[in-house]
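Commentary on secondary and tertiary structure
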Amino acid sequence: MSNKKAWIKLKPHSRLVRELRYPEVKLYLAENGLPFKVLLLMDCAGGHATDLHYDGIQVEFLPPNTTSLIQPMDQGVIRAFKALYTRSTMEGLISSIDEGDDDFSLKKYWREYNIATCLANIQNALKEMKQQTLNASWRKLWPDVVHDYEGFTPDEVVHSAVDKAVRLARLVANEGFSDMTAEDVDSLIDCHSEPLTYEDLVEMTRSASEEEEEAADDDEPEQRGLTLENLQELCNMARAMQQRAQEIDDNMVRAIKFSNRIDGGYGVVQGHFFLLR
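Residues numbered from 1 in each chain as written. Predicted model: local features only at pLDDT ≥ 70, side-chain atom pairs only at ≥ 80, totals over all residues. Heavy atoms only, no water.

Under the criterion given, the structure shown has four aromatic pairs. An angle of 35° between the planes, with centres 6.5 Å apart, marks the rings of F81 and Y85 as tilted. In this pair, F81 and Y85 are both assigned in helix α3 (residues 77-99), four residues apart and thus about one turn of the helix distant. For the pair W138 and W142, a centre-to-centre distance of 6.4 Å together with 75° between the ring planes defines the contact as edge-to-face. When its relative accessible area of 33% is taken as the criterion, W138 is described as partly exposed. Here a set of aromatic residues connected by ring pairs shows up, and it is made of Y109, W110 and Y113. (Phe/Tyr/Trp six-rings, centres within 6.5 Å; stacked < 30°, edge-to-face > 60°. Helix = DSSP H or I, 4+ residues; strand = E, 2+ residues; numbered from the N terminus. Buried < 20%, exposed > 50% of the residue type's maximum accessible area, 1.4 Å probe, protein only.)

So, in structure tokens, the structure goes:
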């Protein structure tokens, strides 16, 4: 965990391992008739306790600054997913243009891009993520189990998805689309590698406030859809729920799980921020 904003405190982490992971692993091994012998691999994040001692559990720490080099999901799988998501988003846009009328508005389309649309694109991207691509992600960590599937490596998947996204973008008769290049799509995929923070959301809302005000009409009903203002409201509500759960729940592990569920649910719409900016 190289992102300092994501660090956790030593004591909560120790309790998390003892109260959550330990019972789950013990139950799994018992159900499968296996002895309680566990190898727990951890990175050197600042919030990870180094004095964990449990009977039957061997704790080993990865060398510093190696997580991004050997962690399977960091070996191109996440980037491949982002490329597939981008391609699916462009396919949805072209489909809407084809099905729309002469009054089709690109700005209106993005403003009406909602959570359901986002989830549909995520599902499409996951369906396109083949087992062969996941297999290739183990090359640096466990090369003996990797097979050479031509056309399915993360780099090949990214190249194909980016190329398709560019060709689709050029079908859109709007500035910024017709002259889009593969480098533009690559930059979009790579520029948001860090998790979106609450501060990012506030800043983005402020930067788009003037555009939001220009598009609003006092005579029209409240605008629906996944707008920046609505996302701001959702974020505030989510943070309030997380704080309240930590205040009233004596079971820290349960409160953490509740908070993580909220973060996970909110994370599915992060990609939409970059489309609204």
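Turning to the side chain of T86, a few remarks are in order. Relative to the helices and strands, T86 is located in helix α3. Residue class for T86 comes out buried when judged on its relative accessible area of 14%. Beyond its immediate chain neighbours, meaning those up to four positions away, T86 contacts A165, V185, L188 and I189. (Contact = heavy atoms within 4.5 Å.)

Everything listed is a geometric property; what it means functionally is a separate question.
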